[in-house]
Amino acid sequence: MQQIVAVWANLTNRQRILAGVATLAVFLAVLGLSRMAGAPRLSLLYSGLDPAAAGEVVRALDQAGVAHEVRGSAIYADAAQRDALRMTLAAEGLPANGAAGYELLDGLSGFSTTAQMFDAAYWRAKEGELARTILANPAFRTARVHIATPSARPFARDVTASAAVTVRAAGGGIAPQQARALRYLVASSVAGLTPDKVSVIDGDKGTVIGDDTAPNTASDARAAALKARLERLLTARLGPGRAVVEVSLETEIETQSIRERRIDPQGRVAISAETREHTRSASDAGGGAVTVASNLPDGAAEAGRNSQQRETETQERINYEVSETEREILRAPGAIRRLSVAVLVGGVTATGPDGKPTWSPLPEADLIDLRELIASAAGYDQARGDVITLKSMPLEPLVPAGTGPRSGWFDGLQLDPMRLIQLAVLALVALVLGLFVVRPVLRSPGGAPPGLPAPDRAPRTLATIPDAESPDTEIQLTAPPDAPAALPRPSADPLDRLRSTIDRRREDSVAILRAWIEDTAEQT
């Protein structure tokens, strides 16, 4: 403590001000660092919530005494408790993921509930359950479902149910395929509701989402899959980067129903046969009539006449059925109308007689084999009008623009920026304490730094001056071992240097003179 007081007393006013400012700055830095180190590290808890749901979450965190921070529409909480907080809030039904569902029916009583009240609560619960199902998909941020049913007018004719769904996407827009899925979800959950009676509305843009582009999107996906299949096949035969494939699909975008009836007159089938047979017979016996036979010499004329007649008639009727074929063809959107495949393959590079590389196309036999492979993999149908174009041409090397991604030195460290700032401030404070506090203390005459030999305890010679009574005699001014070392100022005259030292170190000079007088008195 005495050394600190002595050092403070020997400082000038400017040095004292600088020392006070430095001490205050170090104190504030240490205080801020301690608060930064003691403050919890915050991480994202929830984001994109409705104001009402976010308010309920913040209120629950306040009641639990958990450190949190609200930044816009995002809520940050202590990173060490984030997962536990999510489970705890989920057990309490927070954040609210939509309207109430079937639990609304639990509070209805049969004595005080009318049929109209029950129907209203039922459809409200149905809408809430559908909204919950939609929000279970992370692609949607908010959802509202409204169902209009003809239950209020049970005897009305030509009244069908309809519904409207208003959704907001978590990121980006809502794709037509998602809107179509929402239509089928709501239509399948309500009896008598068809998908065409469900309207899907984008809550951010306020527009109705249709599925007109769904067939085109599906055709693009099929074309991409077919392209990848052909590229994989050609890569296995030619090698990577030696074939370029482009596929174009023309699909049906309308629903067609075709009924066809064909009659083949050459094809007959007997379905029934009918046969009728009629027989008639007649006989005649008698005489008296003069004929040629009666004049014959054998006396035949004497015998009586006898004649018989028999007729047989057969009728056959066969009924035939002409061969007939009836069929109905239903073409839905998405069916392939026409397929076009364009394939560009490289050739063969060889070294010519002059040592220069020469290029030549693939042989015709190889191109025929590749064409057969492509036709089989692509499902080629000549009757449909499909086209396959295969050419062997030189391929120019593709030079990528720019440079690829490179990993940095600190990519694998995964350090938090706030943690880096805290470490930097701690290092700065340690450096300031070492340079301006520890180093001067270690260099003070009261002790030596650890690990270094103790300083020489012999008296130090400050100056040598001539004796006033005897000019040939010189007097040496020495200082005791514990006296602080004087800092002489550069001067040409030793006497001026001594005077300045005595002016700055008056107490030390008096102690040195007193010790010199006592030594002189003892010698006398």
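Residues numbered from 1 in each chain as written. Predicted model: local features only at pLDDT ≥ 70, side-chain atom pairs only at ≥ 80, totals over all residues. Heavy atoms only, no water.

> Would you mind going over helix α6 (residues 176–189) in detail, with residue names and values included?
In this model, α6 (14 residues) spans 20 Å end to end at C-alpha, consistent with the 20 Å of a helix rising 1.5 Å per residue. Burial in α6 covers these residues: P176, A179, L182, R183, V186 and A187. Down the axis, α6 shows its buried residues gathered within 125° of arc, on one side only. Check the buried side of α6 and you find it contacts α5 (115–135), β4 (140–148), β5 (162–169) and β6 (198–202). (Helix = DSSP H or I, 4+ residues; strand = E, 2+ residues; numbered from the N terminus. Expected span 1.5 Å × (residues − 1). Buried < 20%, exposed > 50% of the residue type's maximum accessible area, 1.4 Å probe, protein only. Arc of directions from axis to C-beta. Contact = heavy atoms within 4.5 Å.)

> So what's going on with the packing of α5 against α6? Residues and values would help.
Between α5 and α6, the shortest axis-to-axis distance is 11 Å and the interhelical angle comes to 145°. The interaxial crossing formed by α5 with α6 has right-handed handedness. Contacts between α5 and α6 pair K126, L130, T133 and I134 from the former with L182, L185, V186 and S189 from the latter. (Axes fitted to C-alpha atoms, helices over the stretch in contact; angles between N-to-C directions. Left-handed = near helix turned anticlockwise from the far one by under 90°.)

> Go over the nonpolar core with me, naming the residues and quoting the values.
I134, V145, V165, V167, V186, L193 and V198 are the most contacted members of the largest nonpolar core, which totals 23 residues. Contributions of two or more residues to this core are made by α5, β4, β5, α6 and β6. When residues no more than four places from it in sequence are discounted, the contact partners of V165 are I134, R144, V145, V186, V198, S199, V200 and I201. In this structure, A223, L339, V345 and L367 belong to the second largest nonpolar core, which totals 20 residues. (Core = buried A, V, L, I, M, F, W, Y, C linked by side-chain atoms within 4.5 Å.)

> So what's going on with the sheet that holds strand β1 (residues 42–47)? Which residues, and what values?
In space, the 3 strands of this open sheet follow the order β1-β3-β2, with antiparallel pairing throughout. The open sheet has two free edges, formed respectively by β1 and β2 (68–71), since each of these has just one partner strand. Averaged over all pairs of adjacent strands, the angle between their axes in this sheet comes to 30°, without regard to strand direction. Relative to strand β3 (residues 74–78), β1 is paired through 5 bridges, and the arrangement is antiparallel. Its bridge partner lying in β3, S43 is registered against A77. In the packing of helix α4 (residues 82–91) onto the sheet, contacts are made with β1 and β3, and the angle to β1 comes to roughly 30°. (Pairing = 2+ DSSP bridges.)

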